[in-house]
Amino acid sequence: MTGALPSATRRRDQSRAGCTVNTLWLVNGHTTGVDPADRGLAYGDGLFETMAAADGVIRWFDLHLDRLEEGCRRLEIPAPSRSLLAHEIGTHCPKNGRAVVKLIVTRGLGARGYLPPEPATPTRVLAISPWPDFPDSNYRAGISARVCQLRLGESPALAGIKHLCRLEQVLAQLELRGYAVQQGLLLDTSGHVVGGTSSNLFAVRDGELITPTLARCGIKGVMRRAVLESARTLGIRAAERDIALDDVMAADELFVTNALFGIWPLTDIDGRHFAVGSTTRRLMSQLGYSNGR
């Protein structure tokens, strides 16, 4: 892989596929650190995308950039050009095996205080890391979840975008320590289901595919969009609307999605069991997850 870090800061890890991957951090295309005055560090003033790479190709790359550009538009941060991002990622992403590519875009440097600088000069951070070891059983038999006590604050101005302020998810993950679950199930302060700690949730009831609307909080995931588009292709009725926890518990099928693991059936919530159903399997097959990653 080109663009490896200097030897003093290089770390080598084994990916699941067995190839050696350098963990690489680049700031604006260079192996330098983030300035302490960066607003992303001070205020979480920015966005990020976490992407799956296989043999140097990012899956759903255009969908990731669509969401990044929408977030930049809403936060009034100039978006980096697609050609620049494609070139930078293409140059440094390993050409063999799998890797995780994380892109962070902040508003850049600023003086003390909340008022943003004008014009902003965004900071671009690229991280390329080893692929995580997802068990095959998560795809075949499904995963378990626990309903978190934490409730997500409602903020329509930030709903849907993948902004850097993720302390609620950190606290939710802390709740899960000591439990044999792969996801926490999060509700908002009004009692509506939002999704998993690092995933979007889908429920199937009487043949209809339902996912939370995410108009008040939550992230509109790239895999969430891919699933909704695939449902239309397959002729599966799909809707985005408010979902109560009772609706989830009464579902015929459940699954969760994110851009790294794809689709996992959700077969247990706090001891309540669910079958891996035909709609879940059809979507997994359509999107290439019927045999795992």
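Residues numbered from 1 in each chain as written. Predicted model: local features only at pLDDT ≥ 70, side-chain atom pairs only at ≥ 80, totals over all residues. Heavy atoms only, no water.

Turning next to the packing of helix 2 (residues 61-75) against helix 6 (residues 222-234). Across the interface, helix 2 lies against helix 6 with an axial gap of 9 Å and an inter-helix angle of 120°. When the interaxial angle is binned, helix 2 and helix 6 end up oblique. Considering how the two elements wind past one another, helix 2 and helix 6 form a crossing that is right-handed. Contacts from Leu63, His64, Asp66 and Arg67 of helix 2 reach helix 6 at Val222, Arg225 and Ala226. Taken together, the residues of the contact of helix 2 with helix 6 break down into three nonpolar, one polar and three charged. (Axes fitted to C-alpha atoms, helices over the stretch in contact; angles between N-to-C directions. Helix = DSSP H or I, 4+ residues; strand = E, 2+ residues; numbered from the N terminus. Parallel < 35°, antiparallel > 145°, perpendicular 65-115°, else oblique. Left-handed = near helix turned anticlockwise from the far one by under 90°. Contact = heavy atoms within 4.5 Å. Nonpolar A, V, L, I, M, F, W, Y, C, P; charged D, E, K, R; others polar.)

Below, the discussion takes up the nonpolar core. Soluble globular proteins tend to bury their nonpolar side chains together. Membership of the largest hydrophobic core comes to 42 residues, with the highest contact counts inside it found for Leu209, Val227, Leu254, Ile263 and Ile269. Listing elements by their share of this core, those giving two or more residues are strand 7 (143-152), strand 8 (183-188), strand 10 (200-205), strand 11 (208-211), helix 6, strand 13 (253-258), strand 14 (262-269) and helix 8 (278-286). It is helix 6 that contributes the most residues to this core, six residues altogether. If sequence neighbours within four positions are ignored, Leu209 has contacts with Phe202, Ala203, Val204, Val227, Ala231, Ile236, Arg237, Ala238, Ala239, Phe255 and Leu283. (Core = buried A, V, L, I, M, F, W, Y, C linked by side-chain atoms within 4.5 Å. Buried < 20%, exposed > 50% of the residue type's maximum accessible area, 1.4 Å probe, protein only.)

The next thing to look at is the environment of Pro135. Here Pro135 shows up in the loop between strand 6 (123-130) and helix 4 (137-140). The exposure class assigned to Pro135 is partly exposed, which follows from its relative accessible area of 39%. Residues Pro135 and Phe261 lie 126 residues apart in sequence; the distance between their C-alpha atoms is 10.0 Å.

Below, the discussion takes up helix 8. When helix 8 is considered as a whole, its buried residues turn out to be Thr279, Thr280, Leu283 and Met284. In a view along the axis of helix 8, the buried residues occupy a sector of 135°, so they form one face of it. Residues of helix 8 that are buried in the fold lie against helix 4, strand 10, strand 11, helix 6, strand 13 and strand 14. (Arc of directions from axis to C-beta.)

Time to look at the packing of aromatic side chains. For the coordinates displayed, the defined rule picks out seven aromatic pairs. A ring pair is formed by Trp131 and Phe134, whose centres lie 5.8 Å apart and whose planes are at 85°; its orientation type is edge-to-face. For the pair Trp131 and Phe134, a shared accessibility class is recorded, and that class is buried. The side chain of Arg146 reaches across the aromatic face of Tyr179, ending 3.8 Å from its centre. (Phe/Tyr/Trp six-rings, centres within 6.5 Å; stacked < 30°, edge-to-face > 60°. Lys NZ or Arg CZ within 6 Å of the ring centre and 35° of its normal.)

A word on the pairing of strand 6. Counting buried positions along strand 6 yields seven of eight residues, so the element is predominantly enclosed. Where strand 5 (residues 98-106) meets strand 6, eight bridges bridge the pair, whose relative direction is antiparallel. Each residue of the ladder has a partner; that of Ile104, found in strand 6, is Val125. (Pairing = 2+ DSSP bridges.)

Moving on, we get to the pairing of strand 11. Burial of the side chains of strand 11 extends over both faces: Glu208 and Ile210 are buried on one face and Leu209 and Thr211 on the other. In this structure, the hairpin formed by strand 10 and strand 11 is closed by a connection of two residues, where Asp206 is found at a positive phi of approximately 55°. Bridge analysis of strand 11 against strand 12 (residues 238-240) gives three bridges, and the strand direction is parallel. Residue Ile210 lies in a different strand from strand 12, and its bridge partner there is Ala239. A crossover connection joins strand 11 to the parallel strand 12 through helix 6; in handedness this β-α-β unit is right-handed. (Right-handed = clockwise from strand over helix to strand, strands pointing away.)

A few words now on the pattern of salt bridges. All chains considered together, the criterion is met by 15 salt bridges. Arg39 is the salt-bridge partner of Asp45, the closest N and O atoms lying 2.8 Å from each other. One salt bridge connects Arg73 with Glu70, and the closest N-O pair in it is separated by 2.8 Å. Taken together, the residues span about one helical turn, with Arg73 and Glu70 both in helix 2 at a distance of three residues. Taken together, the shared-partner salt bridges in this structure form one network comprising Asp62, Asp66, Glu69, Arg82, Arg225 and Glu229. (Salt bridge = Lys/Arg side-chain N within 4 Å of Asp/Glu carboxyl O.)

Read these as spatial facts, not as claims about activity.
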